[in-house]
Amino acid sequence: MNSGSMILLAVGAICLVVLVGQHLWPVPRWLAPILLFVGLAGILAGMGWFALSLALRWG
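Everything quoted here is computed from the prediction, not taken from an experiment.

Looking at this model, I keep getting lost on the packing of helix α1 (residues 3-20) against helix α2 (residues 31-56). Mind explaining?
If you want to describe how two helices pack, look at the angle between their axes and the distance between the axes. At a closest axis distance of 7 Å, the pairing of α1 and α2 adopts a crossing angle of 150 degrees. When the axes of α1 and α2 are compared, the pair comes out roughly antiparallel. α1 and α2 meet at a crossing whose hand is left-handed. Residue composition of the contact of α1 with α2, grouped by class: 18 nonpolar, six polar and no charged.

Structural data, given as structure tokens:
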């Protein structure tokens, strides 16, 4: 797995963990939609980048 896809997956996973754990950590109300968008988009982009790198044999 190349470094770019790992970074995107990690950022997406961290955002979703913070979103799920917002009852433990104080998160502003306006941040919840941003965390959801960045979390899902990061995971999907990371998986897509990894699949593209496998298909084109990068890294």
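Sorry if this is basic, but what is going on with α2 here?
Count 3.6 residues to each turn of an α-helix, and residues three or four apart come out pointing the same way. Spanning 26 residues, α2 covers 36 Å between terminal C-alpha atoms, matching the ideal 38 Å at 1.5 Å per step. Along α2, the residues classified as buried are A32, L35, G39, G42, G46 and S53. Tucked into the core, α2 has its buried residues touching α1. After α2 finishes, the residue R57 shows a positive phi value of roughly 60 degrees.

I keep staring at α1 and nothing clicks. Help me out?
Between the first and last C-alpha of α1 there are 26 Å, a value that for 18 residues agrees with the 26 Å anticipated at 1.5 Å per step. The complete set of buried residues in α1 reads G4, S5, G12, C15 and L19. Take α1 and look down its axis: the buried residues cluster within an arc of 100 degrees, on one side only. Summarising the geometry of α1, the exposed residues directed more than 90 degrees from the buried face are S3, I7, I14, V17 and V20.

What is the right way to look at the side chain of S5 in this model?
Inspection of the secondary structure assignment puts S5 in helix α1. By relative accessible area, S5 is classed as buried at 0%. Those residues within four positions of S5 in sequence are excluded, and the remaining contacts are G46, W49 and F50.

Reading the values: the criteria
Residues numbered from 1 in each chain as written. Predicted model: local features only at pLDDT ≥ 70, side-chain atom pairs only at ≥ 80, totals over all residues. Heavy atoms only, no water. Axes fitted to C-alpha atoms, helices over the stretch in contact; angles between N-to-C directions. Helix = DSSP H or I, 4+ residues; strand = E, 2+ residues; numbered from the N terminus. Parallel < 35°, antiparallel > 145°, perpendicular 65-115°, else oblique. Left-handed = near helix turned anticlockwise from the far one by under 90°. Nonpolar A, V, L, I, M, F, W, Y, C, P; charged D, E, K, R; others polar. Expected span 1.5 Å × (residues − 1). Buried < 20%, exposed > 50% of the residue type's maximum accessible area, 1.4 Å probe, protein only. Contact = heavy atoms within 4.5 Å. Arc of directions from axis to C-beta.

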